[in-house]
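Tertiary structure, described
Letter by letter, the chains look like this.
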Amino acid sequence: MANIKFVNEDKEVIAMDGVNLRLKAMEHNVDIYKLMGKLTNCGGYGQCGTCIVEISEGIENLSPRTDFEQKKLKRKPDTYRLACQTLVNGDVSVKTRP
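Residues numbered from 1 in each chain as written. Predicted model: local features only at pLDDT ≥ 70, side-chain atom pairs only at ≥ 80, totals over all residues. Heavy atoms only, no water.

An unreviewed UniProt entry lists the protein chain under the name 2Fe-2S iron-sulfur cluster-binding protein, with Tumidithrix elongata BACA0141 given as the organism. In the Sequence similarities (unreviewed entry) part of its UniProt record, the protein chain is described as follows: "Belongs to the adrenodoxin/putidaredoxin family." (UniProt positions renumbered as here; feature names shortened; annotations may be inferred.)

Here it is as structure tokens:
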């Protein structure tokens, strides 16, 4: 089991290991998109890059960055991830809309 803390929203949720971060955020009404992302997101298929989050704790408990993330986030810090491409395998703290 994983404990996901959404820092900006001051919300914690419990999830099974291997859960998709974007889906778990949406399931608990956590908004991960900025304004343009709300209008142009791809629905979680890893095509648009609008679901960027910052991992403040527990980055070692996430799946490795995908090839798409490597391309989209190459100029961003290592703590930035695309929520739709990230699987959670342990406790993590997430800052939405960095």
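Focus on the pairing of strand 7 (residues 92–96)
The buried fraction of strand 7 is high, at 4 of 5 residues. In the sheet, strand 1 (residues 2–6) pairs with strand 7 via 3 bridges, with the strands oriented parallel. By the bridge assignment for strand 7, K5 is matched with S93. The pairing of strand 4 (residues 52–57) with strand 7 spans 4 bridges and is classified as antiparallel. From the neighbouring strand, E57 faces strand 7, where its bridge partner is S93. (Buried < 20%, exposed > 50% of the residue type's maximum accessible area, 1.4 Å probe, protein only. Helix = DSSP H or I, 4+ residues; strand = E, 2+ residues; numbered from the N terminus. Pairing = 2+ DSSP bridges.)

Observations concerning the nonpolar core
Membership of the largest hydrophobic core comes to 24 residues, with the highest contact counts inside it found for I4, F6, L21, I32, V88 and V94. Among the secondary structure elements, those contributing two or more residues to this core are strand 1, strand 2 (11–15), helix 1 (21–27), strand 4, strand 5 (80–82) and strand 7. With near-sequence residues (within four places) excluded, I4 lies in contact with K11, E12, V13, A15, V19, L21, K24, V88, V92 and V94. (Core = buried A, V, L, I, M, F, W, Y, C linked by side-chain atoms within 4.5 Å. Contact = heavy atoms within 4.5 Å.)

Structural notes on the layout of surface pockets
Taken as a whole, the largest pocket holds about 160 Å³ of empty space. Along its surface, the largest pocket is lined by I32, K34, M36, G37, G49, T50, I52, K76, Y80, R97 and P98. (1 Å grid on protein atoms, 1.4 Å probe; cavity = no way out; pocket = protein on both sides within 12 Å on 5 of 7 lines; lining within 4 Å. Points joined across faces, edges and corners; volume = space filled by probe spheres on them.)

Quick look at the pattern of salt bridges
Under the defined criterion, the tally for this structure stands at 4 salt bridges. In this structure, D31 and K38 form a salt bridge, with 2.8 Å as the shortest nitrogen-oxygen distance. Looking at D31, the relative accessible area reads 30%, which means it is partly exposed. (Salt bridge = Lys/Arg side-chain N within 4 Å of Asp/Glu carboxyl O.)

Structural notes on the environment of T79
You can see T79 is positioned in the loop between helix 3 (67–72) and strand 5. On the basis of relative accessible area, T79 is assigned to the partly exposed category, the value being 28%. Along the primary structure T79 and V53 are separated by 26 residues, whereas in three dimensions their C-alpha atoms are 8.3 Å apart. Once residues lying within four places of it in the same chain are set aside, the contact partners of T79 are V53, E54, I55 and I59.

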